Amino acid sequence: DSGGSVIGREIFDPQLQNSLIGITMPSTSVLQLGNPKLREQCKKVDVTSEEFKTSNTLLHTALQEFRQEHGFGRAISAPQLGLLQRFIAIDLTGKTGKLAKLKPGPFTMVNPVVTRQSEENVTMWDDCMSFPWIMVRVQRHAHIDLQFEDEDGKEFTVTDLDTSTSELLQHEIDHLDGVLSVDHALPCEGVKDGIVSRAYWLENREYFDKMVNHISE
């Protein structure tokens, strides 16, 4: 036993695992772990296109449905709905970081590019709407600089983002390149593959929080 580590086919059983942790997925279907579309490279977005405008509405609907159902959820990337475009629906309502002040409420981050990554790293437990029944121990850069457009095509540059925002955006931008947090799973003593079931993690938060140095908001 690896201290609650998820092994075998349990990791690919979303119906069973989501029911155990009380997660209801949005009616706008979010692709689940194992779907090959989650591994594809997304194309650059033209914000004036009708394709983007339609896709943007769908993505924000999925995010808000999840937030209304569960009271949390900061972002979702287009490929998680099978939309192979480089944009992310974000809602940092109630957060206090630099990006939340720049863009209060729901907004769209289009064609994001990380321009700097801090040498400082953090370890944390990461979750994902595409596999919400597991938690993944990962290492992320503590701070990043970023360039992006919003849904109106306005360009932004943000620097030295706080850790909670930085780790979120690293996760979401990975999605745009077909990379998932399970690819970054970082083993440690007690969790030999760096992955645990969310139900077990929730039951033993104090134990698992000692394995990381950053607690995600």
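What comes next is a walk through the structure.

Thoughts on the sheet that holds strand E4 (residues 121-126)
Thinking step 1. An order of E4-E5-E8 is seen for the three strands of this open sheet, with the pairing classed as antiparallel. If you trace the sheet from one side to the other, it starts and ends with E4 and strand E8 (195-197), each paired once. With strand direction ignored, the average angle separating the axes of adjacent strands in the sheet is 25°.
Thinking step 2. Across six bridges, the pairing between E4 and strand E5 (residues 134-141) is antiparallel.

Things to note about the nonpolar core
Thinking step 1. Core analysis: the biggest nonpolar cluster contains 19 residues, and Ile 88, Ile 90, Leu 99, Met 109, Leu 146, Phe 148 and Leu 169 have the highest contact counts within it.
Thinking step 2. Sorting elements by how many residues they give to this core places helix H4 (residues 163-176) first, with four residues.
Thinking step 3. One finds Phe 52, Ala 62, Leu 83 and Phe 87 within the second-largest nonpolar core, a separate group that totals 16 residues.

Section: the pattern of salt bridges
Thinking step 1. All told, the structure shown has 13 salt bridges when counted by the stated rule.
Thinking step 2. Across the pair Glu 167 and Arg 74 runs a salt bridge whose closest N-O atoms are separated by 2.9 Å. A residue pair is termed long-range when its members are at least 10 positions apart, and Glu 167 in helix H4 and Arg 74 in the loop between helix H2 (50-70) and strand E1 (75-77) qualify at 93 residues. Both residues of the pair, Glu 167 and Arg 74, belong to the buried class.
Thinking step 3. Its salt-bridge partner being Asp 209, residue Arg 205 comes within 3.4 Å of it at the nearest N-O pair.

Focus: H2
Thinking step 1. Compared with an ideal rise of 1.5 Å per residue, which puts 21 residues at 30 Å, H2 spans 31 Å between its outermost C-alpha atoms and is within 8% of the ideal.
Thinking step 2. If you check which residues of H2 are buried, you get Phe 52, Ser 55, Asn 56, Leu 59, His 60, Ala 62, Leu 63, Phe 66, Arg 67 and His 70. The buried residues of H2 occupy an angular sector of 155° when the element is viewed end-on, so they sit on one face. Opposite the packed face of H2, turned more than 90 degrees from it, sit the exposed residues Glu 50, Thr 57 and Gln 68.
Thinking step 3. Against the buried residues of H2 lie E1, strand E2 (87-91) and strand E3 (106-117).
Thinking step 4. At the exit of H2 stands Gly 71, carrying a positive phi of roughly 80°.

Conventions and cut-offs
- Residues numbered from 1 in each chain as written.
- Predicted model: local features only at pLDDT ≥ 70, side-chain atom pairs only at ≥ 80, totals over all residues.
- Heavy atoms only, no water.
- Pairing = 2+ DSSP bridges.
- Helix = DSSP H or I, 4+ residues; strand = E, 2+ residues; numbered from the N terminus.
- Axes fitted to C-alpha atoms, helices over the stretch in contact; angles between N-to-C directions.
- Core = buried A, V, L, I, M, F, W, Y, C linked by side-chain atoms within 4.5 Å.
- Buried < 20%, exposed > 50% of the residue type's maximum accessible area, 1.4 Å probe, protein only.
- Salt bridge = Lys/Arg side-chain N within 4 Å of Asp/Glu carboxyl O.
- Expected span 1.5 Å × (residues − 1).
- Arc of directions from axis to C-beta.
- Contact = heavy atoms within 4.5 Å.

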